[in-house]
Amino acid sequence: MLIGVPKEIKDNEFRVGLIPSSVQELVHHGHRVLVQAGAGLGAGLTDADYANAGATIVEGADGIFADAEMIVKVKEPLAAERKKLNKGQILFTYLHLAPDAAQTHDLVESGAVCIAYETVTSASGALPLLTPMSEVAGRLAPQVGAHSLEKAQGGRGVLLGGVPGVPAAEVVVLGGGVSGTHAATIAVGMGAKVTVVDRSAEALKRLATQFGTSISTVFSTRSAIEELVKRADLLIGTVLVPGAAAPKLVSHAMVRTMKTGSVIVDVAIDQGGCVETSKATTHSHPTYVVDGVVHYCVANMPGAVARTSTFALNNVTLPFAVALADKGWRKALGQDAHLRNGLNVCEGRVTCQPVAEAHGLPFVKPEAAIGM
């Protein structure tokens, strides 16, 4: 199979779809890999590194999109990239389609076979290709939140860990999953007073066992969230419903009750955000203010630590990329139900039910789409 790796063009996105060792593995399996010149530089990977691994370096992305049978990326294709997709071409990347009608429409029109990292599952019910980026984003959230709390950034001028005689900041984490757990880990390490909210009793038990008295856990109800939001210096939203738009747990009315200069970091912004006042931002312009509250809603947070993120992502995506290349998409999806769950759009049909529901489009079961 001819596999293409274009350079990411999203604002300040420095990750890359394949690292040289992944290229070498695919070449070993008899495949050819085209890598756009400079695609890996943001992650510290040179064109020479890729050439030495067996890749062919090409100038520009047009040739890659025109010729490659499978495109391996990190972030969703932007409008200019979507126009270059071809019928039957495999697109393997993060998509986050539920809150993005324009992208969904374009992918349907393209006729491409679009497999989303974030909906591939595992035998345990986890999301193995989303997990490493959830870990990274969770660990980044208290870090960027602490920076946003600085007065020069528009924040309250509060140090997350406080100092002797001055209390630590109050950090509220919505969601006790992968991102929420990692956010709590870093916030605790920075000395903050941390509360994690979740609607799963099992998740709360796990958090209590892991953190002991270092954090407080609260069962999620609207009333509980209303009270915690008022107290929070830093609110971190990490709520996830696989494949679907994130629920709006924090209303605009709740935001109005927050302290002036407090900060919201909405990690769930890829799926539309879990705060009503959230809107996607970029690394170039990461924050904005609503009712005196600083909002950090960067849709590709892990891109800030591109090298760590790229290697972590390749650790989990490579086996699936090899399977798709070795077997072709129909056979690979037919043999692996977990990879099949990643199929979101297939040759003009929407094959992920939450995406179809979000946009009022007909849903076709993945099994039917691939002819099982």
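The structure displayed is predicted, hence computed values, not measured ones.

The gaps left among the atoms become clear once a water-sized probe is rolled over them. Approximately 980 Å³ is the volume found for the largest pocket. Gly177, Thr238, Val239, Leu240 and Val241 are, among the 46 residues lining the largest pocket, the residues nearest its centre. Element by element, the count of residues in the lining of the largest pocket is highest for helix α6 (residues 131-148), at four residues. Along the lines of polarity and charge, the residues of the lining of the largest pocket split into 24 nonpolar, 14 polar and eight charged.

A word on the side chain of Thr351. Within the secondary structure, Thr351 sits in the loop between β15 (349-350) and α14 (353-359). Looking at Thr351, the relative accessible area reads 3%, which means it is buried. In terms of polar contacts, Thr351 uses its side chain to reach the backbone amide nitrogen of Val345, at 3.5 Å. Residue contacts for Thr351: discarding those within four places in its chain leaves Leu343, Asn344, Val345, Cys346, Phe363, Val364, Pro366 and Ala369.

The end-to-end C-alpha distance of helix α11 (residues 306-327) is 30 Å, a good match for the 32 Å that 22 residues give at a rise of 1.5 Å each. The largest bend in α11 is about 45 degrees, located at Thr317, with the proline Pro319 one to four residues further on. If you check which residues of α11 are buried, you get Ala306, Ser309, Thr310, Leu313, Asn314, Thr317, Leu318, Phe320, Ala321, Val322, Leu324 and Ala325. After α11 finishes, the residue Gly328 shows a positive phi value of roughly 80 degrees.

Covered by surrounding structure in strand β10 (residues 234-237) are Leu234 and Ile236 together with Leu235 and Gly237, the residues of both alternating faces. Direction of pairing for β10 relative to strand β11 (residues 263-266): parallel, over a ladder of four bridges. Bridge assignment links Leu235 to a residue of β11, and that residue is Ile264.

With that settled, consider the nonpolar core. Soluble globular proteins tend to bury their nonpolar side chains together. Judged by nonpolar contacts, the single largest core of 74 residues is most densely connected at Ile115, Val171, Val194, Ile236, Val265 and Met301. Contact partners of Val194, with chain neighbours within four places excluded, come to Val171, Val173, Ala184, Ala187, Val188, Ile215 and Ser216. By size, the runner-up hydrophobic cluster in this structure holds 21 residues, among which are Leu34, Leu97, Cys352 and Ala356.

Within the secondary structure, Thr281 sits in the loop between β11 and β12 (287-290). The class of Thr281 is buried, set by a relative accessible area of 10%. Residues Thr281 and Met133, 148 residues apart in the sequence, show an inter-C-alpha distance of 18 Å. For Thr281, the residues in contact, after removing those within four places along its chain, are Pro286, Tyr288, Cys297, Val298 and Ala299. Within the local environment of Thr281, its side chain forms a polar contact with the backbone oxygen of Pro286, the two atoms lying 2.8 Å apart.

Here the focus is the side chain of Asp198. Secondary-structure assignment places Asp198 in strand β8 (residues 193-198). Buried charge without a salt bridge: Asp198, with Arg206 as the nearest opposite-charge side chain at an N-O distance of 6.0 Å. Among the polar contacts made by the side chain of Asp198, one reaches the main-chain amide nitrogen of Ser200 at a distance of 2.8 Å.

So, on to the packing of α6 against helix α7 (residues 178-189). For the pair α6 and α7, the least separation of the axes is 7 Å and the interaxial angle reads 35 degrees. Seen from above, α6 lies across α7 with right-handed handedness. Residue-level contacts link Thr131, Ser134, Glu135, Gly138, Arg139 and Pro142 of α6 to Val178, Ser179, His182, Ala183, Thr185, Ile186 and Ala187 of α7. Broken down by class, the residue content of the contact of α6 with α7 amounts to five nonpolar, six polar and two charged.

What follows covers the environment of Leu34. As for its position among the elements, Leu34 is in strand β2 (residues 32-36). Residues Leu34 and Asp67 lie 33 residues apart in sequence; the distance between their C-alpha atoms is 9.2 Å.

Attention shifts here to the state of the cysteines. Using the criterion set out here, one finds zero disulfides in the structure. In this structure Cys346 is not part of a disulfide, and its nearest cysteine sulfur, from Cys114, lies 8.6 Å away. Classification of Cys346 as buried rests on a relative accessible area of 0%. The thiol sulfur of Cys352 is not disulfide-bonded, and the nearest other cysteine sulfur, from Cys114, lies at 12 Å. We classify Cys352 as buried; its relative accessible area is 8%.

All right, on to the packing of aromatic side chains then. Counted under the stated rule, the structure contains two aromatic pairs. Ring centres 4.7 Å apart and planes at 85 degrees place the aromatic pair Phe92 and Tyr117 in the edge-to-face group. Here Phe92 is found in strand β5 (residues 90-93), whereas its partner Tyr117 is found in the loop between β6 (113-116) and α6, with 25 residues between them in sequence. Take Phe92 and Tyr117: they sit in the same class, and that class is buried. Taking the centre distance of 4.8 Å and the plane angle of 85 degrees together, the rings of Tyr94 and Tyr117 count as edge-to-face.

Looking now at the packing of α6 against α11. Two numbers describe how α6 lies on α11: the axes approach to 8 Å, and their chain directions differ by 155 degrees. The angle between α6 and α11 falls in the class roughly antiparallel. In this structure, α6 contributes Pro132, Met133 and Val136 to the contact, and α11 contributes Ser309, Ala312, Leu313 and Val316. Split into classes, the residues belonging to the contact of α6 with α11 amount to six nonpolar, one polar and no charged.

Analysis parameters
Residues numbered from 1 in each chain as written. Predicted model: local features only at pLDDT ≥ 70, side-chain atom pairs only at ≥ 80, totals over all residues. Heavy atoms only, no water. 1 Å grid on protein atoms, 1.4 Å probe; cavity = no way out; pocket = protein on both sides within 12 Å on 5 of 7 lines; lining within 4 Å. Points joined across faces, edges and corners; volume = space filled by probe spheres on them. Helix = DSSP H or I, 4+ residues; strand = E, 2+ residues; numbered from the N terminus. Nonpolar A, V, L, I, M, F, W, Y, C, P; charged D, E, K, R; others polar. Buried < 20%, exposed > 50% of the residue type's maximum accessible area, 1.4 Å probe, protein only. Polar contact = N/O pair within 3.5 Å; in protein donor to acceptor, adjacent residues only side chain to side chain. Contact = heavy atoms within 4.5 Å. Expected span 1.5 Å × (residues − 1). Bend = angle between axes of the 7 residues up to and from the residue. Pairing = 2+ DSSP bridges. Core = buried A, V, L, I, M, F, W, Y, C linked by side-chain atoms within 4.5 Å. Lys, Arg positive; Asp, Glu negative; His and termini not counted. Salt bridge = Lys/Arg side-chain N within 4 Å of Asp/Glu carboxyl O. Axes fitted to C-alpha atoms, helices over the stretch in contact; angles between N-to-C directions. Left-handed = near helix turned anticlockwise from the far one by under 90°. Disulfide = S-S within 2.5 Å. Phe/Tyr/Trp six-rings, centres within 6.5 Å; stacked < 30°, edge-to-face > 60°. Parallel < 35°, antiparallel > 145°, perpendicular 65-115°, else oblique.

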